[in-house]
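Survey of secondary and tertiary structure
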Amino acid sequence: MRQVKRTRQSLAIFLSLLFACVPVSAQAQVSEYDLKIAFIYNFISFTDWPVEIARYLKLCTLADDSFNAALDVALEEKRVKDSLITIRRLRPDEELDKCHVVFISHAERAHLPQLLPELKHHPILTITDSPGWAEKGIMIEMVVEQQRVTFKTNVDPTARFQVKISSKLLRLAKTAY
């Protein structure tokens, strides 16, 4: 069992490194949505929450329909650790306390200022692909820099809520606030 866990972790780290190091031009064969979804899955895989997650890990999204459709195909009912991922679409005015992970897409960035105060009160892994939000309190921000997909982290909210992002993943981050 322990060997299987190590193998899965090694594979996830390998995929993270692969996607983080491949230039965007080479990634064109993989859709941008698929690439972001692979990152999201790896972020979840390398995160521990302060309370044990039951059978379902709730990934809540505020994103456009085409991203949500790709997310459904790729991750709905996919196993991560000992849980199955379930995906829930959010409306900007919804309560977030039932979510374990919240992804806010660049297309929905206008809602970030209203969501951020509520996100700061719950142990939720927060992810966006909208530039500039890691330094404002989002835990993980995916960005394209110098034709490479990278990510930034903000460890302050993770520490405050005891959402533990693996040091292996943190080492891959371009910037940590």
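This one's a predicted model, so the numbers in the text were calculated from it and none came from an experiment.

With that settled, the discussion passes to the overall build of the protein. The helix and strand inventory of the protein stands at 7 helices and 10 strands. Taking all 177 residues of the protein together, the buried fraction comes to 45%. Look at the contacts in the protein between residues 6 or more apart in sequence, and 58% of them connect residues 24 or more apart. Of the roughly 9600 Å² of accessible surface on the protein, a fraction of 54% belongs to carbon and sulfur atoms.

Phe 43, Ile 44, Leu 59, Leu 125 and Ile 127 are the most contacted members of the largest nonpolar core, which has 34 residues in total. Taken together, the elements giving at least two residues each to this core come down to α3 (32–45), β2 (56–62), α4 (65–75), β4 (83–89), β5 (101–104), β6 (125–128), β7 (140–145) and β8 (148–153). Ranked by residue count, the leading element in this core is α3, at 7 residues. Dropping the residues within four chain positions of it, Leu 59 is found in contact with Ile 40, Ile 44, Leu 71, Leu 75, Ile 85, Thr 86, Ile 87, Arg 88 and Val 101.

Glancing now at the pairing of β8. Within β8, 5 of the 6 residues are buried, which leaves it mostly tucked inside the rest of the structure. As paired strands, β7 and β8 are joined by 6 bridges and run antiparallel to one another. Across the sheet, Met 142 pairs through a bridge with Phe 151, a residue of β8. As paired strands, β8 and strand β10 (residues 175–176) are joined by 2 bridges and run parallel to one another.

Time to look at the environment of Lys 120. Residue position: Lys 120 is located in the loop between α5 (112–119) and β6. Accessibility expressed as a relative area gives 35% for Lys 120, which makes it partly exposed. Taking the C-alpha atoms as reference points, Lys 120 and Phe 161, 41 residues apart in sequence, are found 8.5 Å from one another. Those residues within four positions of Lys 120 in sequence are excluded, and the remaining contacts are Lys 136, Arg 160 and Phe 161.

We now examine the sheet that holds β6. The strand order across the open sheet formed by 8 strands is β3-β4-β2-β5-β6-β7-β8-β10, and the pairing between neighbours is mixed. Each having just a single partner strand, β3 (79–80) and β10 make up the two edges of the open sheet. On the sheet, α4 packs against β2, β4 and β5 and is oriented at approximately 165 degrees with respect to β4. Where α5 meets the sheet, it contacts β2, β5 and β6, and its direction lies at approximately 165 degrees from that of β5.

Glancing now at the pattern of salt bridges. Tallied over the entire structure, the rule returns 7 salt bridges. Residue Asp 129 pairs with Lys 36 through a salt bridge whose shortest N-O separation is 2.5 Å. Of the two residues, Asp 129 sits in the loop between β6 and β7 while Lys 36 sits in helix α3, which places them 93 residues apart along the sequence. Lys 36 matches Asp 129 in its accessibility class, with the two residues each being buried. Three or more residues are tied together by salt bridges with common partners; here these are Arg 88, Arg 91, Asp 93 and Glu 94.

On to α4, then. Looking only at α4, the buried set comprises Phe 67, Asn 68, Ala 70, Leu 71 and Leu 75. Across the axial projection of α4, the buried residues extend over an arc of 160 degrees, all falling on one side. Exposed residues on α4 whose side chains face more than 90 degrees from its buried face are Asp 65 and Val 73. Residues of α4 that are buried sit in contact with α3, β2, β4 and β5. Directly beyond the C-terminal end of α4, a positive phi value near 65 degrees is found at Glu 77.

Here we take up the packing of aromatic side chains. Considering all chains together, one arrives at 5 aromatic pairs under this definition. Between Tyr 33 and Phe 67, the aromatic rings sit 5.2 Å apart at their centres with planes inclined by 85 degrees, giving edge-to-face as the arrangement. A residue pair is termed long-range when its members are at least 10 positions apart, and Tyr 33 in helix α3 and Phe 67 in helix α4 qualify at 34 residues. A relative accessible area of 3% places Phe 67 in the buried class. Their ring planes at 70 degrees and their centres at 6.3 Å tell us that Phe 39 and Phe 151 sit as a pair that is edge-to-face. Taken together, the residues span a long stretch of sequence, with Phe 39 in helix α3 and Phe 151 in strand β8 at a distance of 112 residues. Taking the relative accessible area as the measure of exposure, Phe 39 reaches 4% and is therefore buried. Across from the ring centre of Tyr 41, 4.9 Å away, lies the NZ or CZ of Lys 78, which sits over that ring. Taking the ring centre of Trp 133 as reference, the NZ or CZ of Lys 136 above it sits at 4.5 Å.

Rules used throughout
Residues numbered from 1 in each chain as written. Predicted model: local features only at pLDDT ≥ 70, side-chain atom pairs only at ≥ 80, totals over all residues. Heavy atoms only, no water. Helix = DSSP H or I, 4+ residues; strand = E, 2+ residues; numbered from the N terminus. Buried < 20%, exposed > 50% of the residue type's maximum accessible area, 1.4 Å probe, protein only. Contact = heavy atoms within 4.5 Å. Areas by Shrake-Rupley, 256 points an atom, 1.4 Å probe, with all protein chains shown as cover. Core = buried A, V, L, I, M, F, W, Y, C linked by side-chain atoms within 4.5 Å. Pairing = 2+ DSSP bridges. Axes fitted to C-alpha atoms, helices over the stretch in contact; angles between N-to-C directions. Salt bridge = Lys/Arg side-chain N within 4 Å of Asp/Glu carboxyl O. Arc of directions from axis to C-beta. Phe/Tyr/Trp six-rings, centres within 6.5 Å; stacked < 30°, edge-to-face > 60°. Lys NZ or Arg CZ within 6 Å of the ring centre and 35° of its normal.

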